[in-house]
Every structure is written in C-alpha cells, then in structure tokens.
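The residues making up each chain are set out below.
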Amino acid sequence: MAELINPVLKGFHPDPSFLCVGQDWYLATSTFEWWPGVRLFHSRDLAHWERLPSPLTRKSQLDLTGVADSGGVWAPHLSWCDGKFYLIYSNVHNFGGTFYDVDNYLVTASDIRGPWSEPVFLNSSGFDPSLFHAPDGRKYLLNMAAEYRTWKVRFAGIMMQEYSEAEGKLIGEPKMLWRGSSSRTTEGPALYYKDGWYYLFCAEGGTGVRHCEVVLRSRHIDGPYERGPYEPLITAWPYPANPLQKAGHASMAQGADGSWFLAHLCGRPVGPDKDCILGRETAIQPLEWRDGWPCLQGGTDEPRLTVETPYPDCPVPADSAEGVDWAEEFDAPVWDDRLQSLRQPLGDRASLTARPGWLRLYGAQSLESRFTQSLLAARQQHFNCRVETSIDFDPLDYHHTAGLVYYYDNNSHYYLALTRDERLGRVLTLMRRRLKQFDMPIGAGVPVPDGALTLRLETNTATAQFYWSADGEKFAAIGPELDATVLSDDAPERILHENRFTGAFVGICCQDLTGQRRCADFDYFRYTSLE
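Since the structure is predicted, the reported quantities are computational estimates derived from the model, not experimental observations. (Residues numbered from 1 in each chain as written. Predicted model: local features only at pLDDT ≥ 70, side-chain atom pairs only at ≥ 80, totals over all residues. Heavy atoms only, no water.)

Caption draft 1: Examining empty space enclosed by the protein more closely. Scanning all chains against the criterion turns up 3 cavities of 30 Å³ or more. Of the volumes computed, that of the largest cavity is approximately 130 Å³. In terms of lining, the largest cavity is formed by 16 residues, of which the most central are Pro-76, His-77, Gly-188, Pro-189 and His-249. Within the residue set of the lining of the largest cavity, elements represented by two or more residues are strand S7 (72-81), strand S15 (187-194) and strand S20 (245-254). With 4 residues, the single largest contributor to the lining of the largest cavity is S15. When the residues that make up the lining of the largest cavity are grouped by side-chain class, the tally is 8 nonpolar, 6 polar and 2 charged. Around the second largest cavity, the lining residues are Arg-39, Glu-322, Trp-326, Arg-338, Ala-378, Arg-379 and Gln-381. For the lining of the second largest cavity, the per-class residue count stands at 2 nonpolar, 1 polar and 4 charged. (1 Å grid on protein atoms, 1.4 Å probe; cavity = no way out; pocket = protein on both sides within 12 Å on 5 of 7 lines; lining within 4 Å. Points joined across faces, edges and corners; volume = space filled by probe spheres on them. Helix = DSSP H or I, 4+ residues; strand = E, 2+ residues; numbered from the N terminus. Nonpolar A, V, L, I, M, F, W, Y, C, P; charged D, E, K, R; others polar.)

What follows is the structure, encoded as structure tokens:
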C-alpha cells in the first residue's frame, strides 16, 4: 500500500480542490498573480502526483495585468458531472482595503488536460466560488459574500444562487446559507450530498495559525444548516508542536473503493516567528463517517504527517512528478511548465529560437512592476535547495540588468543582478527589497569578466546565499547572508499588517529600464534539493 508524507504538494500550493473520477484523483490549487492560472494534478495512489497542463492559458480566459500582489486567481473549484469537468475560479483585482473587486468565472472541458472553454462570467459579490451539482440535475454557485459597511462583519456569510448551464448565467435570487460562527472569516464554501443530507464545508479563522474547517448539514439545500459534533473538522491551532500548521480550507472526495479523503492547506513554519517560507501547501488526511458526520480518521481534528492509503504505489513519470529535482536545458520548443511568469504570458519578451539551446529574455520593466516583466520563476519546494543558471549578458549601463532572483512579490525579493557601472565596468551586484525597503548592500558590486557566468542560490531553511562563478566550477559567495523569512507569507502580515498569500520563488529575469529591450541569454535552469 502507498504511504503519503504530507504535504503531498510542497511549496506554494494553497486552497486545494479535491476530486475523484473513477480511479483518478485530481487536485486544483490557487496561483494568484502567477501565469498561467490554476495548477492541476493527478494521482492514482494519493502519494505520487503528476502535473497536468494548466487550464487557464489564454488572456481571454484570465487577464491578470495590474492585479495586486497576492491578487488574481483565488481558490479554484474543480468538479465533474456527466462526462465534463467544471472549473470555477476568482480573479481578484483588488483587496486589502475597504472593498473586494473580484470577478468569478466558469470554464469547462471534456478532458482534464484540455482544451478548456472560454470563460462564463458568474458574479462579483465575493470570492472562493464553487459549483454544486445537485442530485436533481440543477447546479448552484456558492461563494463568500463580501461586506464593506463598517458596522457589519466583513465576511458576511455564504451565498448560493442557481446556475443555468443552458443560459450560461445565474438565475433566480441569491440566498444566504450561513452567516458563520464566532471564528469569523467564513469563506471557502463547498457543498456535498450524501444519504439525503447536504453537507456545507467552510473555512474559518483566517488563513493563519487559527485556520480551521467546519462542516454543517441540512436535509434541504436552502437550509437551515446545523453544526456537527466534530468541530472543527481539522485545525492545528491547539497543536503548536505539529509540523503542519494553518490547517484548513479543505475539500473532500470519495474513491471508487468507497474510501474518503480530505485535502487541506497547511504551512510548515520555521524560526522563532514561525514563518512559512514555502507558503501554504497541500496535505491529505483520511476521513471516516460517524453518526452521519465526516471526521478525521480516529475522531481527532489534528492533521497527520504520514498517512497510509489503500492503494498500491503508482509512481508518475519523472518529467511530470511534483516536488522532485529537475532541470530545464532550454533545448525543447517550450520550457518546463514549472517555470511561470507574472500576471501575463511572456509572449515576444522570450525566445527559444533566437539562440538555439538558450532562452533569450528581452528586457522589460522592473521587479516592482505589476504589468510587463520578463521573469520566469519556479516554486521553492524544499527548505534547503540549490538553484543554478548560466547567463550571457552584455549590459551597456546601469539601466540594463539580468540575473537570478529570489522572489516573493513586488515588495519582497533578493536579486543577484549582472549590470554595468560607469567606473567598474560589468559587475554583479545585489538588490534587496525587504518589505518595501530597498537597498544595495554591496554598492556598485563586484567586477566580473566578459562572457557567460554561472549564478547560484543556496537556501538553508531561514537563510540564503548567492554565489557566482566564471568557469562553472569555482564558486565565490557574493553579498551577505539573506533573511529568507522576509519571503514568507507571514512576514508582511506580522510587520506591515498586510495580507499576502503566495510563497517563495527562484527565477531568472531581465530588465531594460530604457525600454529598448536589451536581451540576456540563459543556458539552463536547475533545481536541486539539498535535504
């Protein structure tokens, strides 16, 4: 039998939506401002997961231009009915102030690998939408209801409205199903039907350490919904020693053999401030039913690190396996889909044919831009890892930069940049943007010879260090040891009192602040776990 070790999707993979069709298990997770939108995964044993093509690959499906850091695609919901896959998703344009400006959409596909349809607009009343396929054949959209009036609860409750597939729109009037509990921040609704009961799953307590999942049920889809005896269904708040914290935002599914499992988000904190550098991840727990209520196996509410499944081991192809060492040599017509861009496809800002065997990036806007960047980056999935690239770049002046970036968002990143100084010539320098504060700790930088250079980043849990080499063999550290906790989803909230929801990425990038598209070439990108 397979044994899974949580989290099953390491690194930034939050808000899992869980589904089983026949022998096949699927997960969908949020991507926020990263392009393309929504990550899909497939497994036969729940322990080994393979990446599937992203469903939102066209700007006609998703336009993230200008969205706020940690905006964009929140909490997708994946379902299947009558031979068709349905994917519901939010595009959050603005949040964090008084209002949520968010649009919710639906796309469909007959094959999980696509192609996926053009989107159907649903509503804008709140985020975390999901679609319920009722036993009578009708369909219903659920989402949290956002509130802006200062004397009301900001998360007003869970709304439901019927969706007409024939008309491609919501019909009838929305109904309030539940206004939430004292844990507040009621979100992430999902509805299930079993044995004459409608079960309403909701996330509560915020997405931090008090996060949890609650379950209610009713004999009628419109309610009223009653709370169950196993509440919360899952949480890590009472268990500070558990390595899986922030447990919540859950989704359940039943296998063909009758087994039930729960997918939920979690975070693995490090350091005295318990920062989750890898972001919010996805874990899986076994479920059982007691007196008509779902509960974690054994009746506990505490997440488990190791879980036995009833399925034989089913490893997936190495080139699509999630969470393993990998390399992109830029020899194929397309690059590895672990590499993602920000907010929009790179388009003509990247070429794999201009210099065969290399990726050419054409310089665009700065790393602080929410619009046009030339950046490709991959999730950090291990606390200790090495990322390496080879760069060939001839900058004319300080407006031209290219190199290796350790990135959380526009306001928090570390950048080992190859550029040119008027006095020193071609140099490697370090740019630090730490929670909106910018500095260059080694000034103009270190003069380097002409030709290709090898750049490297090594992480060591809560710290990181850049290195460089002229020959690819002898490496020298450059710049100070870096505080990796700045790139966690906790640091902005703790220090700036701002919410952020993604995770640390490592990538390659190129900027031309003159707008003339000075280009840089990259020979490879390699990710290696050091754990």
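Caption draft 2: Local environment of the nonpolar core. Ile-391, Tyr-406, Leu-428, Phe-466 and Ile-508 are the most contacted members of the largest nonpolar core, which totals 49 residues. In this structure, Phe-32, Trp-34, Phe-95 and Val-405 belong to the second largest nonpolar core, which totals 41 residues. (Core = buried A, V, L, I, M, F, W, Y, C linked by side-chain atoms within 4.5 Å. Buried < 20%, exposed > 50% of the residue type's maximum accessible area, 1.4 Å probe, protein only.)

Caption draft 3: The arrangement of the sheet that holds strand S8 (residues 84-94) in detail. The strand order S7-S8-S9-S10 describes an open sheet built from 4 strands, whose pairing is antiparallel. Edge positions in the open sheet fall to S7 and strand S10 (120-123), since each of these has one partner strand only. Ignoring strand direction, the axes of neighbouring strands in this sheet form an average angle of 25°. Direction of pairing for S7 relative to S8: antiparallel, over a ladder of 8 bridges. Note that in S8 the partner of Leu-78 across the bridge is Leu-87. (Pairing = 2+ DSSP bridges. Axes fitted to C-alpha atoms, helices over the stretch in contact; angles between N-to-C directions.)

Caption draft 4: Layout of the pairing of strand S39 (residues 505-512). In terms of burial, S39 is largely enclosed, as 8 of its 8 residues are buried. The alternating pattern of S39 places Phe-505, Gly-507, Cys-509 and Gln-511 and Val-506, Ile-508, Cys-510 and Asp-512 on opposite faces, both of which are buried. Both strand S29 (residues 374-379) and S39 contribute to a ladder of 6 bridges, which runs antiparallel. Across the sheet, Ala-377 pairs through a bridge with Gly-507, a residue of S39.

Caption draft 5: Quick look at the side chain of Gln-511. Tracing the chain through its elements places Gln-511 in strand S39. Polar side-chain contacts of Gln-511 include one of 2.7 Å to the side chain of Thr-401. Here the side chain of Gln-511 touches Tyr-415 through a polar contact of 2.6 Å, side chain to side chain. Apart from residues lying up to four places away in sequence, Gln-511 is in contact with Gly-363, Ala-364, Gln-365, Ser-366, Leu-367, His-399, His-400, Thr-401, Ala-402 and Tyr-415. (Polar contact = N/O pair within 3.5 Å; in protein donor to acceptor, adjacent residues only side chain to side chain. Contact = heavy atoms within 4.5 Å.)

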